[in-house]
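# Descriptive analysis of the structure
Here is what each chain is made of, one letter per residue.
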Amino acid sequence: MTYTISVIPGDGIGPEVVEAARRCIEATGVDICWEEVLAGQIALDKFGSLLPEETLASIRKNKVCLKGPITTPVGSGFRSVNVAIRQELDLYACLRPAKSYIGVRSHYQNIDLVIVRENSEDLYAGVEFKEGEPDTERLIKEINKLSKKKIRSDSGISIKPISRFATERIVNFAFRYALENKRHKVTVVTKANIMKFTDGLFLAVAREVAKKYDGKIEFEEALVDNMAMQLVQKPNQYDVLVLPNLYGDIISDLCAGLIGGLGVAPGANLGDQIAVFEAVHGSAPKYAGKNKVNPTAMIASGIMMLRYLKENEAANRLEEALQAVIKEGIFVTYDLKPHRDDTTAVGTSQMADAIISRLKK
Ligand code: NAD
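Summarised in this report is the structure supplied together with it. Here the structure is a predicted model, which means the values were calculated and not measured. (Residues numbered from 1 in each chain as written. Predicted model: local features only at pLDDT ≥ 70, side-chain atom pairs only at ≥ 80, totals over all residues. Heavy atoms only, no water.)

Moving on to the side chain of lysine 185. Turning to its location among the elements, lysine 185 is positioned in strand β8 (residues 185-190). A polar contact is formed between the side chain of lysine 185 and the side chain of glutamate 220, at a distance of 3.2 Å. Leave out the neighbours within four places in its chain, and lysine 185 touches Ile217, Glu218, Glu220, Gln237, Tyr238, Asp239 and Val240. (Helix = DSSP H or I, 4+ residues; strand = E, 2+ residues; numbered from the N terminus. Polar contact = N/O pair within 3.5 Å; in protein donor to acceptor, adjacent residues only side chain to side chain. Contact = heavy atoms within 4.5 Å.)

Ile70, Thr72, Asn82, Gly282 and Ala284 are the nearest of the 23 residues found near the ligand. Within the backbone of threonine 72, one N or O atom sits 2.7 Å away from an oxygen atom of the ligand. (Near = heavy atom within 4 Å.)

What follows covers the pattern of salt bridges. Scanning all chains against the criterion turns up 23 salt bridges. Here arginine 169 makes a salt bridge to aspartate 90, at a shortest N to O gap of 3.0 Å. Placement of the pair is arginine 169 in helix α6 (residues 164-180) and aspartate 90 in the loop between α4 (81-88) and β4 (93-99), with a sequence separation of 79 residues. Classification of arginine 169 as buried rests on a relative accessible area of 15%. In this structure aspartate 90 comes out as partly exposed when scored by relative accessible area, which is 37%. Sharing partners across several salt bridges, the network here consists of Glu53, Arg60 and Glu88. (Salt bridge = Lys/Arg side-chain N within 4 Å of Asp/Glu carboxyl O. Buried < 20%, exposed > 50% of the residue type's maximum accessible area, 1.4 Å probe, protein only.)

Right, let's talk about the packing of helix α10 (residues 296-308) against helix α11 (residues 312-328) for a bit. Here α10 crosses α11 at 160 degrees, and the two axes come no closer than 8 Å. Relative to α11, α10 is oriented roughly antiparallel. The hand of the α10/α11 crossing is left-handed. Along the contact surface, α10 presents Thr296, Ile299, Ala300, Ile303, Leu306 and Arg307, while α11 presents Asn312, Ala314, Ala315, Asn316, Leu318, Glu319, Leu322 and Ile326. In terms of residue class, the contact of α10 with α11 is made up of nine nonpolar, three polar and two charged. (Axes fitted to C-alpha atoms, helices over the stretch in contact; angles between N-to-C directions. Parallel < 35°, antiparallel > 145°, perpendicular 65-115°, else oblique. Left-handed = near helix turned anticlockwise from the far one by under 90°. Nonpolar A, V, L, I, M, F, W, Y, C, P; charged D, E, K, R; others polar.)

Turning our attention to the environment of alanine 210. For alanine 210, the position within the fold is in helix α7 (residues 199-212). Placed 35 residues apart in sequence, alanine 210 and phenylalanine 175 show a C-alpha to C-alpha distance of 7.7 Å. The contacts of alanine 210, once residues within four sequence positions are left out, are Phe175 and Phe219.

Pairing within the open sheet is mixed, and its 10 strands lie in the order β2-β1-β3-β12-β11-β4-β5-β10-β8-β9. What marks the edges here is a single partner per strand, and that holds for β2 (31-36) and β9 (218-223). On average, adjacent strands in this sheet sit at an angle of 25 degrees to one another, irrespective of strand direction. Relative to strand β10 (residues 240-243), strand β5 (residues 112-118) runs parallel, the two sharing four bridges. Its bridge partner being in β10, isoleucine 115 is matched across the sheet by leucine 241. Helix α8 (residues 224-233) rests against β5, β8, β9 and β10 of the sheet, and its axis sits at about 105 degrees to β9. Contacts from helix α9 (residues 245-258) reach β4, β5, β8 and β10, with the element oriented near 160 degrees to β5. (Pairing = 2+ DSSP bridges.)

On the surface, Lys286, Lys290, Lys292 and Arg340 cluster together into a positively charged patch. Here lysine 290 falls in the exposed class, since its relative accessible area comes to 52%. (Patch = residues over 30% accessible without salt bridge, like charges linked within 9 Å, V, L, I, M, F, W, Y side chains within 5 Å. Areas by Shrake-Rupley, 256 points an atom, 1.4 Å probe, with all protein chains shown as cover. Lys, Arg positive; Asp, Glu negative; His and termini not counted. Charge placed at Lys NZ, Arg CZ, Asp CG, Glu CD.)

So, on to the packing of α11 against helix α12 (residues 348-358). Two elements in contact, α11 and α12, have axes separated by 8 Å at closest approach and are oriented at 120 degrees. In terms of axis orientation, α11 runs oblique to α12. Our pair here, α11 against α12, has a crossing hand that is right-handed. Residues Leu318, Ala321, Leu322, Ala324, Val325, Ile326 and Glu328 of α11 lie in contact with α12, whose contacting residues are Met351, Ala354, Ile355 and Arg358. Its residues assigned to classes, the contact of α11 with α12 comprises nine nonpolar, no polar and two charged.

Next up on the list: the packing of aromatic side chains. In this description, a pair of aromatic rings is defined by centroid distance and the angle of the planes. Overall, the coordinates contain five aromatic pairs when judged by the stated rule. With 6.2 Å between their ring centres and 35 degrees between their planes, phenylalanine 175 and phenylalanine 219 make a pair best called tilted. Here phenylalanine 219 lies in strand β9 and phenylalanine 175 lies in helix α6, a separation of 44 residues in the sequence. Relative accessible area serves as the criterion here: at 0%, phenylalanine 175 is assigned to the buried category. Connected via pairs of aromatic rings, a cluster forms that spans Phe175, Tyr213 and Phe219. The aromatic ring of tyrosine 334 is capped on one face by lysine 292, whose charged end is 4.3 Å from the ring centroid. (Phe/Tyr/Trp six-rings, centres within 6.5 Å; stacked < 30°, edge-to-face > 60°. Lys NZ or Arg CZ within 6 Å of the ring centre and 35° of its normal.)

Here it is as structure tokens:
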């Protein structure tokens, strides 16, 4: 069977890591016809749009996409293309496994956590009001009429919507994932003690959903600040974590840190019909075009993609080859060497070559 899969090279280090992942996936023998489409700066330069309609159309048609990271300027400028892709395609679940690889230097061993992050709402919904604009002033006046708490007139405002619908959907996803992947516990992480009508709703709905899985999967509740500390002190106590969007973003970077850094942390954005696979890391502009960064996160995202396609045997072979190369520690990028300036480190593309040569046919 031939799969047609959309591929977005992305910005910065994106094209290098995506190319490495593509070559490794092809080397498994799974027959893939890649449909390359653009998003980000390169799409803006070529088509005058950061997220051309034809890119979205390609992903809608092929239903599966391998995506490189895309740059978003901090604070000002355009909105995140990454967030736009998730919203446009209703990729409501962000799945980020954090699993230790032997050979990756980290303060922790045997980490095996899965982050399920709600992807469609919360403070990332993109409902924002800029300081000083007429609409913002109107909104502040209205809120000050309705609420006992007053907002200063020179404020900017980001809205945090959390709905029953999206919460049910993501918590069900987390429990289904736990069942299908033989995990034992789901922990819901919120700040429900402070934000009673948003995080409080997330928690209340999670409790309702958890009842359906009673006796099958353990359910537990945690506050996000405490969870940040617990994950640093006792990460092995946890299994699957389900969180609203913002906490999910932050906690998944923390978990990437537990397993040795962003260079090894994969991810997927999943909807009911469509799946986009991408590393947790961003476009790391300072390394762009240097053939230097670690392709592991992107290759591991490709392994998740193969499993999604039910190509489990190919996925297992590629994972074994990746693990073998990392464990051996010879043909690996600078971040996997004992010292960052180790002159024996290889480039992105050479690490991919080493993985391909280890692949059992
Ligand atoms: P980043 O993840 O791009 O890089 C931070 C640092 O992590 C790098 O300087 C590097 O030291 C390390 N790192 C990242 N990827 C690595 C790899 N593959 N191998 C080895 N080391 C690696 O984060 P940032 O600098 O905060 O963000 C850069 C840009 O990427 C921003 O515009 C941001 O918005 C964007 N971003 C995009 C996505 C996405 O496309 N999904 C995700 C996160 C950030």
